Amino acid sequence: MNENKKNVVLEEPEAKAQTKVEPKAEETPKISIPNLLTVTPSPHLRHRDSTRTIMLEVIFALLPALLWGTYVFGLRALLVCAICAGSCYLAEYVTQRAMGRPVTINDCSALLTGLLLGMNLPATAPAWLAIVGSVFAIMVVKQLFGGLGHNVFNPALAARVFLSLAWPSYMTNFTAPYARLLFSPADAVATATPLVSLKHGALPGASLLDMFLGNVGGTIGEVSAFFLLLGGLYLLVRKIITWHIPVTYIGTVALLTFAFPQVGGVARWEFMLYEVLAGGLIIGAFFMATDYVTSPSTRWGRMIFGAGAGLLVVFIRYFGGYPEGVSFSILVMNSLVWYIERATKPRVFGGAKKNA
Amino acid sequence: MTLSGIAKQFRSGILDNNPVLIQLLGMCPTLATTTSVANAIGMGLAATAVLTCSNILISLLRKFIPKQVRIAVFIVIISGFVTAVELLMKAYFFELYGALGLFIPLIVVNCIILARAEAFASKNPVLPSAIDGLASGIGFTSALVVIASVRELLGNGTFLGLEVLGKNYPDAVVFILPAGAFLTLGFIVALVQMLKNKADNKKCEKEAVAEALEKAATAAGEEVQA
């Protein structure tokens, strides 16, 4: 009897404890819906566009500028971009697995981030720099904020800023055009970019035509205004982006540099064109400021976004410590998007006018 | 004042209620003076000294300080000790004094010190107040040292001035800059929260299991009795 009693006391609690702790795992039974009766909320119109197709279109639009960068700076430029794209892809997969999120690497957004980051690096960038930048872009800027659609800042740009704050000497090690680096940056001839000359109050040595075509020093993707405009035009025609941000962005910079030229002895319009073509303004305006996630979605919002970023670019170039202000200007405006969107919220169709 | 009570106070000041990593107080010195481990230790010890002394004095005077002007009185007491610490550092640790610069006089408005004075020392006797000040000060110092270690290691490749990562390590200057201070602090606070959540979950689970066992045992006992 005594033994029996003990057994009961010893065995029961364990069994009961298990059933007590377990119920968490048990969920309400799933309701199965027959396929015929699927009910979904509107919209019901379907379109061929998906995240994947849009990302691939943008990558396609970037290709001419990338090929030009490879032509001017050598195969190493292509290698840097490939390393960035590959490590972004991998970083996205690893982070999403580690955080227990659905893995969405097939939407190609990480690939685009990697390509943009690579095109924002000089061709002399060492491999580790590209990898660290990519991991920072995907892990810290994108996934820690919640992944695609939730990131406040453009991942590629934020990574570029991180890298240029962390390793400024590597990030400003620009080679002269047609140095044609193969794999090692050892034989690189350092050169001053047009922006650095402008910062020091002198016109760059390159002619306006050279700057338009891309026969100047700079990062892999930013040098050729012509091929970037070609890609940008493609995006506009395919209606991937709207004209609002690029036009107001570049327009504000043009207007301000026309009104307040910093270099004497040249025509105003000439100085203006130098400022517009120098640095990353065009790649920034068409490919980075227009990022769906980090720019406003209303028409007026986009125009405010572009004008604000343009104002900041001129301010940083004229008065700031850095020669280039495009990355900072877009990042600062990124952080204001929530406010711009709230301020430019359109009236609900059929709703009352505000001051009626 | 039992020994376990003292241990509990230390545990609270250093871990459970760490002024920097849990309460997020004193952000200004935390972000500004953690560029190197040596600076962090200097700042932490200076603040600990002021915190302990001011806690003791405020606790002694707690029955004489009029409630309406208590904050002003606290600040006068704190700034007295800060002046003393500042002069001592100027005399004996001039290099550190130069490195910390403005942040030594700014200890006057360090909100950890004011918080301990207001929340603890003005309501408790001398000995617990002294221990509270010391514990919070050690918590502050250890948090600063952790943040500074990461920043100095990544930003300079050194620890306490000693070469750690080798000559070929390309210093990530961003970690010495203010941006790196925010990044490092964010990641460390996130890590602490993760560990804390894990520990809390374990505690809850243990309690749940113990409760279930007890209930089951009593139920079984009743059954057998019946």
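Computed from a prediction, not measured in an experiment: that's the story for all the values here. (Residues numbered from 1 in each chain as written. Chains lettered and ligands numbered in written order. Predicted model: local features only at pLDDT ≥ 70, side-chain atom pairs only at ≥ 80, totals over all residues.)

Right, let's talk about the overall build of chain A for a bit. For chain A, the helix and strand inventory stands at 15 helices and 0 strands. Relative to its full complement of 356 residues, chain A shows a buried share of 43%. Across chain A, contacts joining residues at least 24 apart in sequence account for 73% of those joining residues at least 6 apart. (Helix = DSSP H or I, 4+ residues; strand = E, 2+ residues; numbered from the N terminus. Buried ≥ 20, exposed ≤ 12 C-beta atoms within 10 Å, placed from the backbone. Contact = placed C-beta atoms within 7 Å.)

With that settled, consider the overall build of chain B. Along chain B, the regular secondary structure elements total 8 helices and 2 strands. A globule of 226 residues ought to have a C-alpha radius of gyration of about 17 Å, yet chain B, at 22 Å, is considerably larger. Reported as C-alpha extents along the three principal axes, the dimensions of chain B are approximately 80 × 60 × 30 Å. Long-range contacts, defined as pairs at least 24 residues apart, comprise 76% of the intrachain contacts of chain B with a sequence gap of at least 6. (Rg over C-alpha atoms; globule rule 2.2 N^0.38 Å.)

With that settled, the discussion passes to the packing of helix α6 (residues 155-166) of chain A against helix α15 (residues 326-343) of chain A. Residues and elements named next belong to chain A. As a packed pair, α6 and α15 sit with axes 10 Å apart at the nearest point and diverge in direction by 125 degrees. As summarised for this structure, α6 and α15 are arranged oblique, according to the angle between their axes. Both α6 and α15 take part in a crossing whose hand is left-handed. Within the contact between the two elements, α6 uses L157, A158, R160 and V161 and α15 uses S327, F328, I330 and L331. Its residues assigned to classes, the contact of α6 with α15 shows 6 nonpolar, 1 polar and 1 charged. (Axes fitted to C-alpha atoms, helices over the stretch in contact; angles between N-to-C directions. Parallel < 35°, antiparallel > 145°, perpendicular 65-115°, else oblique. Left-handed = near helix turned anticlockwise from the far one by under 90°. Nonpolar A, V, L, I, M, F, W, Y, C, P; charged D, E, K, R; others polar.)

We now examine the environment of B:V73. Residue and element names in this part refer to chain B. Here V73 is to be found in helix α4 (residues 70-92). Look at V73 and you get partly exposed, because 16 C-beta atoms sit within 10 Å. V73 sits 15 residues away from I58 along the chain, and the two C-alpha atoms are 8.9 Å apart.

Residues and elements named next belong to chain A. Here α6 spans 16 Å end to end across 12 residues, near enough to the 16 Å set by a 1.5 Å rise per residue. Summarising burial for α6: 11 of the 12 residues are buried, a large majority. Turning to α6, its buried residues number three or more, namely P155, A156, L157, A158, A159, R160, V161, F162, L163, S164 and A166. Here the buried face of α6 lies against α4 (109-119), α5 (127-143), α7 (168-171), α13 (281-288) and α15. (Expected span 1.5 Å × (residues − 1).)

Residues and elements named next belong to chain A. At C108, a residue that is not glycine, the phi angle is positive and equals roughly 65 degrees. Even without being a glycine, K239 presents a positive backbone phi close to 60 degrees. Since 9 C-beta atoms lie within 10 Å of it, K239 is described here as exposed.

In this section: the confidence of the model for chain B. When the pLDDT values of chain B are averaged, the result is 91; 99% of them are 70 or greater. Two numbers describe this predicted complex: its pTM, 0.83, and its ipTM, 0.81. (pLDDT = per-residue confidence, 0-100.)

Before going further, it helps to examine the packing of helix α2 (residues 51-73) of chain A against helix α3 (residues 75-98) of chain A. All names here are of chain A. Here α2 crosses α3 at 135 degrees, and the two axes come no closer than 6 Å. The orientation of α2 relative to α3 falls into the category oblique. Of the residues in α3, those in contact with L66, G69, T70 and F73 of α2 are L75, R76, A77, L78 and C81. Tallied by class, the residues present in the contact of α2 with α3 amount to 6 nonpolar, 2 polar and 1 charged.

All names here are of chain B. Examined against the element boundaries, Y97 turns out to sit in helix α5 (residues 94-100). Its 18 C-beta neighbours within 10 Å are what place Y97 among the partly exposed residues. Sequence separation between Y97 and N39 is 58 residues, and the spatial gap between their C-alpha atoms is 9.3 Å. Excluding anything up to four places from it in sequence, Y97 contacts M89, K90 and I104.

So, about the confidence of the model for chain A. Here chain A averages 84 in pLDDT, while 84% of its residues score no lower than 70. For residues 1-26 of chain A, every residue scores under 50 in pLDDT, and the model assigns this stretch 22 contacts once sequence neighbours within four places are set aside.

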